[in-house]
Amino acid sequence: QVQLVESGGGLVQAGGSLRLSCAASGRTLSRDSMGWFRQAPGKEREFVAALSWGGGSTYYADYADSVKGRFTISRDNAKNTVYLQMNSLKPEDTAVYYCAAGSGSVVRRVAVDYWGQGTQVTVSS
């Protein structure tokens, strides 16, 4: 059974940075798509970023338009961990951030096989 555990959330001022981590256990996920979603109060869970295996040592990244140029997703397969570096944070980035993994691209929520428990990110103005 795969488990995903997020860390790194917190309170930050607008313009600041945070780095989220998601450590996977249970099996190696080097060939799985791993990514991040977020859910703000009263809103649906939305895609943020994903990093998917493209064969060999190739991975390709996808980002929501709202975070392009500010957020960067990366992974360390030796640690079975995916990261989300968030820069130039805005109050509208405030949400619970969830790690996701799946055998298909997790750009699509329906492709997510595993979810983390979530970590709160709050950006003050």
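Along each chain, residue indices are assigned from 1 in the same order as the chain's sequence is written. In view of the model being predicted, local features appear only for residues whose pLDDT reaches at least 70, and side-chain atom pairs are presented and counted only at 80 or more, with totals across whole chains, interfaces and linings using the full set of residues. Values shown for side chains rest on all heavy atoms present in the structure; no hydrogens or waters enter the calculation.

**Q** An account of the pattern of salt bridges is requested, with residue identities and associated values reported.
**A** Side-chain pairs of opposite charge can arise whenever the charged atoms involved come near each other. When a carboxyl oxygen of Asp or Glu lies within 4 Å of a side-chain nitrogen of Lys or Arg, that pair is called a salt bridge. For the structure shown, the criterion picks out five salt bridges. Note that D32 and R27 form a salt bridge whose closest N and O atoms lie 3.1 Å from each other. D93 is paired through a salt bridge with R70; the nearest N and O atoms lie 2.7 Å apart. Remark: R70 occurs in the loop between β6 (58-63) and β7 (71-76) and D93 occurs in the loop between β8 (81-86) and β9 (95-102); sequence separation between them is 23 residues. Note on exposure labels: buried denotes an accessible area under 20% of the residue type's maximum, exposed denotes more than 50%, and partly exposed covers the range between, all computed with a 1.4 Å probe on protein chains only. Classification of D93 as buried rests on a relative accessible area of 1%. Strands here mean DSSP runs of E at least two residues long; helices mean DSSP runs of H or I at least four residues long; both are numbered from the N terminus.

**Q** So what's going on with unusual backbone geometry? Residues and values would help.
**A** Leaving glycine aside, a negative phi is the common case for residues, and trans is the common case for peptide bonds. The backbone of N80 shows a phi angle near 55 degrees, a positive value even though the residue is not glycine. When you line up the elements, N80 lands in the loop between β7 and β8. For N80, a relative accessible area of 12% gives the class buried. In this structure, S88 is a non-glycine residue whose phi angle is positive, near 50 degrees.

**Q** Lay out the nonpolar core with the relevant residues and their values.
**A** What is meant by a nonpolar core is a set of buried Ala, Val, Leu, Ile, Met, Phe, Trp, Tyr and Cys residues, joined one to another through side-chain atoms within 4.5 Å. Within the largest apolar cluster, 33 residues are counted, with the highest numbers of intra-cluster contacts made by L4, M34, W36, L84, M86 and Y97. Of all the secondary-structure elements, those providing two or more residues to this core are β3 (18-25), β4 (33-39), β5 (46-55), β7, β8, β9 and β11 (119-124).

**Q** Got a sec to walk through the state of the cysteines? Specific residues and values, please.
**A** Here, a disulfide means two cysteine sulfur atoms that sit within 2.5 Å of each other. Evaluation of the coordinates by the stated rule reveals one disulfide. In this model, C22 is linked to C99 through a disulfide, with the two sulfur atoms separated by 2.0 Å. Taking the sign of the S-S torsion, -80 degrees for the link of C22 and C99, the bridge is left-handed. Here C22 is found in strand β3, whereas its partner C99 is found in strand β9, with 77 residues between them in sequence. According to the relative accessible area criterion, C99 is buried, its value standing at 0%.

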